[in-house]
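Structural features, examined
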Amino acid sequence: MGCCTGVVSPSVQVCRCRTTAGTSSTSTTTSSCCTNRSLRQLRPPWSTRPPPLLSLQFSSSSSSQSVVTTTSSMRSSSSSSSSSSSVESSYSELPAPVVKQRFIAEDADVSSISEWELDFCSRPILDARGKKLWEIVVCDNRRQLQFACFYPNNVINSVTLRDALASIVETLGVPKPEKIRFFRSQMQTIISKACKELDIQPVPSQRCITLVRWLEERYETVYRRHPGFQEGATPLSLQEQALPLDLPDTLRGEQWTFVQLPLSGVLEELEAVEKGAMFGSVLDLDTLGIDLSSDIMIPGVAVASSRATPLAAWTNALELASIEVDIQRSCLILSTGVADRWRYAFYRKSRQADAEGEAWESAKKSSGGLHFLAVQESLDSELCTGFWLLIDVQRSPV
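The shown structure was predicted, so the numbers you read here are calculated from the model rather than taken from an experiment. (Residues numbered from 1 in each chain as written. Predicted model: local features only at pLDDT ≥ 70, side-chain atom pairs only at ≥ 80, totals over all residues. Heavy atoms only, no water.)

1. Brief notes about the overall build of the chain
Within the chain one finds 7 helices and 17 strands. Taken over 398 residues, the chain has a buried fraction of 53%. Accessible surface for the chain amounts to roughly 17600 Å². Of this, 48% is attributable to carbon and sulfur atoms. (Helix = DSSP H or I, 4+ residues; strand = E, 2+ residues; numbered from the N terminus. Buried < 20%, exposed > 50% of the residue type's maximum accessible area, 1.4 Å probe, protein only. Areas by Shrake-Rupley, 256 points an atom, 1.4 Å probe, with all protein chains shown as cover.)

If you want it as structure tokens, here you go:
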């Protein structure tokens, strides 16, 4: 195949058959669905001719749910029902930690809640001593599980966090999670120690999207209404953005291009990911409150490699957050983990190439920040070995 032109051949059909995650072999079996969607749909609408991209140049390196709500002291074995007004009441004068929210959706499939999202941080609230209150907030990616608890600043340690996590499992009857994601690098030591003592894998990640959206809600409905609220307090998460690094060899592809798919096509790909038919990651759009028409075009980046399966496997080991176009550096920046940034792919600097990048970024905004990364054996391939739905990450308000 010649140099990638920046758009995918319109004659190629997308096959729903996929490689099996964890194997190096690929299936060539086709199905009737292969004729339903053509890669013509991936042609960027903002491009009437191939952009002058150096596609071969990769970085070289040496919902609203029915819930049962209870409130109780963490030092008490009993719990009682509470109205929403009691949930909003002030706990600043209480020396002991108090559960503010502890519930699980009545129709939740608790066996499916295997990964949690966690925040353990100070809040813009002062207690009666004039000290900042801290809070542990836990949920799953569908908010079937929700837990929030304030703590005084003199009990902030891994033991407090470990006991809180253990109490969630015990009191709500949910299984111990396999992974707990968190987005604050400043709390990594405490969180990692608490998780490891419970034999849970701690995962530094910006993919705590559901948690951040919930914190946005709590900022307006809980924190701002607290009598000790401090307007203008600086969030702990604010820090300088790291400079992008050279991409590791194992993550380097051979070709890349800007692409797009209608949302309906993206959802089909995500079904394959959820079934384990290929590597990737999904987002629960309903829980995130993202309501888009099925025909809206979602922009993405397609990467081709002759070693597509191992490339997808290595990529899947990262916590992919987002991709952005860096016009000044003439490259794509891949964000992973909590704050890692990589020079993912380069293009030849020109006005047209910069315009292509700006148009792609504009398309992301039109789709609510949604975009995707796809890995294939070639840009003409009927198979994908990896598909990751990404979203531009918003900073936590606290």
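2. A look at the packing of helix α2 (residues 158-172) against helix α3 (residues 188-197)
In the contact formed by α2 and α3, the axes pass within 8 Å of each other and the chain directions differ by 45 degrees. Relative to α3, α2 is oriented oblique. Every pair of crossing elements has a handedness; the one defined by α2 and α3 is right-handed. Between α2 and α3, the contacting residues are Ser 158, Leu 161, Arg 162 and Leu 165 on the first element and Ile 190, Ile 191, Lys 193, Ala 194, Cys 195 and Glu 197 on the second. Of the residues belonging to the contact of α2 with α3, the class tally is 6 nonpolar, 1 polar and 3 charged. (Axes fitted to C-alpha atoms, helices over the stretch in contact; angles between N-to-C directions. Parallel < 35°, antiparallel > 145°, perpendicular 65-115°, else oblique. Left-handed = near helix turned anticlockwise from the far one by under 90°. Contact = heavy atoms within 4.5 Å. Nonpolar A, V, L, I, M, F, W, Y, C, P; charged D, E, K, R; others polar.)

3. Some details on unusual backbone geometry
The residue Arg 143 is not glycine, and still its phi comes out positive at about 55 degrees. Checked against the element boundaries, Arg 143 lands in the loop between β5 (132-139) and β6 (145-151).

4. Observations concerning the pattern of salt bridges
With the rule as written, the count across this model stands at 21 salt bridges. Arg 184 is the salt-bridge partner of Asp 119, the closest N and O atoms lying 2.5 Å from each other. With a gap of 65 residues between them, Asp 119 in strand β4 (residues 115-126) and Arg 184 in the loop between β7 (179-182) and α3 connect regions that are remote in the sequence. We note that Asp 119, like Arg 184, is buried. Where Arg 341 meets Glu 324, a salt bridge forms, and the shortest distance between an N and an O atom there is 3.5 Å. Of this pair, Arg 341 sits in strand β15 (residues 340-346) while Glu 324 sits in strand β13 (residues 320-326), and the two are 17 residues apart along the sequence. (Salt bridge = Lys/Arg side-chain N within 4 Å of Asp/Glu carboxyl O.)

5. Points about the packing of aromatic side chains
Applying the stated criterion across every chain, the model contains 6 aromatic pairs. With centroids separated by 6.5 Å and ring planes inclined at 55 degrees, the aromatic side chains of Phe 150 and Tyr 223 adopt a geometry described as tilted. Highlighted residues: Phe 150 in strand β6 and Tyr 223 in helix α4 (residues 209-223), separated in sequence by 73 residues. Residue Phe 150 is classed as buried on the basis of its relative accessible area of 3%. Arranged with centres 5.1 Å apart and planes meeting at 85 degrees, the rings of Trp 256 and Phe 258 form a pair that is edge-to-face. One exposure class covers both Trp 256 and Phe 258, and it is buried. Aromatic rings pair up to connect Trp 256, Phe 258 and Trp 360 into one cluster. (Phe/Tyr/Trp six-rings, centres within 6.5 Å; stacked < 30°, edge-to-face > 60°.)

6. Thoughts on the sheet that holds strand β16 (residues 370-376)
With respect to topology, 5 strands assemble into an open sheet ordered β10-β12-β16-β17-β11, the strand pairing being mixed. Every interior strand has two partners, whereas the edge strands, β10 (255-262) and β11 (279-281), have only one. Across the sheet, the axes of successive neighbouring strands diverge by a mean angle of 20 degrees, strand direction being ignored. Note: β11 against strand β17 (residues 386-391), 3 bridges, orientation parallel. Each bridged residue has a counterpart across the sheet, and for Phe 279 the counterpart in β17 is Gly 386. Lying over the sheet, helix α5 (residues 263-274) contacts β10, β11, β12 (297-304), β16 and β17, oriented at roughly 110 degrees with respect to β10. (Pairing = 2+ DSSP bridges.)

7. Some remarks on α2
Compared with an ideal rise of 1.5 Å per residue, which puts 15 residues at 21 Å, α2 spans 21 Å between its outermost C-alpha atoms and is within 8% of the ideal. Those residues of α2 that fall on the buried side of the exposure criterion are Ser 158, Thr 160, Leu 161, Ala 164, Leu 165, Ser 167, Ile 168 and Leu 172. One side-chain oxygen at the N-terminal end of α2 lies 3.1 Å from the backbone nitrogen of Val 159; it belongs to Asn 157. With its phi angle positive at about 70 degrees, Gly 173 sits one or two positions after the end of α2. (Expected span 1.5 Å × (residues − 1). Polar contact = N/O pair within 3.5 Å; in protein donor to acceptor, adjacent residues only side chain to side chain.)

8. Regarding the layout of surface pockets
One simple way to see leftover space: roll a probe sized like a water molecule over the atoms. Approximately 1300 Å³ is the volume attributed to the largest pocket. Along the wall of the largest pocket there are 44 residues; nearest its centre are Glu 115, Asn 141, Ser 281, Val 282 and Leu 283. Residue assignment for the lining of the largest pocket shows that the elements contributing at least two residues are β4, β7, β8 (201-204), α4, α5 and β11. Counting residues per element, the lining of the largest pocket draws most heavily on α5, at 6 residues. (1 Å grid on protein atoms, 1.4 Å probe; cavity = no way out; pocket = protein on both sides within 12 Å on 5 of 7 lines; lining within 4 Å. Points joined across faces, edges and corners; volume = space filled by probe spheres on them.)

9. Overview of the side chain of Arg 218
In this structure, Arg 218 sits in helix α4. Setting aside chain neighbours within four positions, we find Arg 218 in contact with Lys 100, Gln 101, Glu 135, Val 137, Ala 148 and Tyr 223.

10. Examining the confidence of the model for the chain
Here the chain averages 79 in pLDDT, while 74% of its residues score no lower than 70. Per-residue pLDDT stays below 50 along residues 1-96; that stretch engages in 235 contacts with residues further than four places along the chain or on separate chains. (pLDDT = per-residue confidence, 0-100.)

11. So, the sheet that holds strand β14 (residues 331-336)
Across the sheet, which stays open at both edges, the 4 strands sit in the order β9-β15-β14-β13 with mixed pairing between neighbours. Two strands in the sheet have a free side with no partner beyond their single neighbour: β9 (245-246) and β13. In this structure, β13 lies alongside β14, joined through 6 bridges in antiparallel fashion. Bridge pairing in β14 places Asp 326 opposite Cys 331.

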